[in-house]
Amino acid sequence: MKKLDKLILGSFIGPFLLTFLVVDFILLTVNMLKYFDEIFGKGLGFLIYMELISYFLISISPMALPLAVLLSSLMTFGNLGEHFELTAIKSSGISLVRALRPIGVFVVVLAFAAYLSNNHLVPKVNLKTFSLLYDIRMKSPALDIKEGVFYDGIPGYSIKVNRKLDDVRLRDIIIYNHNQGQGNLSVTLADSGRMEPFFNDNYMRLTLYNGTNYKEDRATRGISEKPVGFNRATFQENVIIFNLDAFQMSRTPEDLWSTNRAIKDISGIKKDWIPSIHW
């Protein structure tokens, strides 16, 4: 490689890497904002977010290459012209087309690498991205009980806490039990309580103190003139176990997305477009 090629290619690589990272970051931000409401606020772990970001980076990297090449080329030859290096090159009898040759060779190699990535790597990454995004969408929002607001994220229950001392200790609790689908006929009031997840956050133990449980019988309500059954029970301590399976993210088999065109290479797309010939 001649000194001229080393000079131009060396001046090009630095701006190329910088612009590629900047464009990649911008495209990544656009993609993340597109799914912002679906992926945030669900209590996902750090590794899940990093996995999703890595999939997005691989998918959008081929799209960032053309813009990175354009911007870095402008920056490279702008710097060469600013420091009169282009003038020196042309005055020595070297044409501009000859000066562009090292960047042209680099772009051809880059285009071939982008083709291989788009045809082999990106389809596999898209398959994993679609599967992960679907699982995130299906996951229930993270358990977040706020003061003075009824929370119905736990299936079968509606919970209101008027005061939270911290993430564990609660004050003035109201719980409606809707498991039997009969409306607000079972309600529990408690002065205080403790909310503690256990068994790898698959269950939550809610321990209530100094409270009363009210339960009304619906069997004859509004149908006959017989008195409606009503039970009241006081307690000093009552433990309720909630199943948090709805808050856990389950992974869907990836082969469910096998018919999507975004996960197929060129040969797979051709098979979809070329009709079968029957003799």
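The paragraphs below set out a description of the structure included in this document.

The rules behind these values
Residues numbered from 1 in each chain as written. Predicted model: local features only at pLDDT ≥ 70, side-chain atom pairs only at ≥ 80, totals over all residues. Heavy atoms only, no water. Salt bridge = Lys/Arg side-chain N within 4 Å of Asp/Glu carboxyl O. Buried < 20%, exposed > 50% of the residue type's maximum accessible area, 1.4 Å probe, protein only. Helix = DSSP H or I, 4+ residues; strand = E, 2+ residues; numbered from the N terminus. Pairing = 2+ DSSP bridges. Axes fitted to C-alpha atoms, helices over the stretch in contact; angles between N-to-C directions. Contact = heavy atoms within 4.5 Å. Phe/Tyr/Trp six-rings, centres within 6.5 Å; stacked < 30°, edge-to-face > 60°.

## Observations concerning the pattern of salt bridges
Counting across every chain of the model gives two salt bridges. With its nearest N and O atoms 3.2 Å apart, the salt bridge here joins R194 to E196. When its relative accessible area of 29% is taken as the criterion, R194 is described as partly exposed.

## Observations concerning unusual backbone geometry
Positive phi, normally seen in glycine, also occurs at D172, with a value near 55 degrees. Relative to the helices and strands, D172 resides in strand β2 (residues 169-177). A residue is classified by how much of its surface remains accessible, and D172, at 38% relative accessible area, is partly exposed. The residue N210 is not glycine, and still its phi comes out positive at about 50 degrees. Overall, the relative accessible area of 44% leaves N210 in the partly exposed class.

## So, the sheet that holds β2
Strand order across the open sheet formed by five strands is β1-β2-β3-β4-β5, with antiparallel pairing between neighbours. Every other strand in the sheet has two partners, leaving β1 (157-164) and β5 (230-243) as the edge strands with one partner each. The sheet shows a mean angle of 25 degrees between the axes of neighbouring strands, direction not considered. The pairing of strand β4 (residues 203-216) with β5 spans 13 bridges and is classified as antiparallel. Opposite L208, over in β5, you have N238 as the bridge partner.

## Some points on the pairing of strand β3 (residues 186-198)
Of the pairings in the sheet, the one linking β2 to β3 comprises seven bridges and is antiparallel in character. Counted as the bridge partner of L170 is G193 from β3. When β3 meets β4, the two strands line up antiparallel, connected through 12 bridges. Looking at β4, one finds that P197 is bridged to M204. Between β3 and the antiparallel strand that follows it, β4, lie four residues; F199 among them carries a positive phi value of about 55 degrees.

## Section: the side chain of S186
Relative to the helices and strands, S186 resides in strand β3. Judged by relative accessible area, S186 falls into the buried class, the value being 15%. Setting aside residues up to four positions removed in sequence, S186 forms contacts with I175, Y176, N177, N213, Y214 and K215.

## Thoughts on the packing of aromatic side chains
In this structure the tally under the stated criterion is eight aromatic pairs. Aromatic pair F12 and F16: ring centres 5.7 Å apart, planes at 20 degrees, arrangement stacked. Taken together, the positions of F12 and F16, both in helix α1 (residues 3-34) and four residues apart, correspond to about one turn of that helix. Grouping residues by exposure puts F12 and F16 together as buried. With a centroid separation of 5.5 Å and an interplanar angle of 85 degrees, the aromatic rings of F16 and F106 are classed as edge-to-face. Within this pair, whereas F16 is found in helix α1, its partner F106 is found in helix α5 (residues 96-138), the two being separated by 90 residues in sequence.

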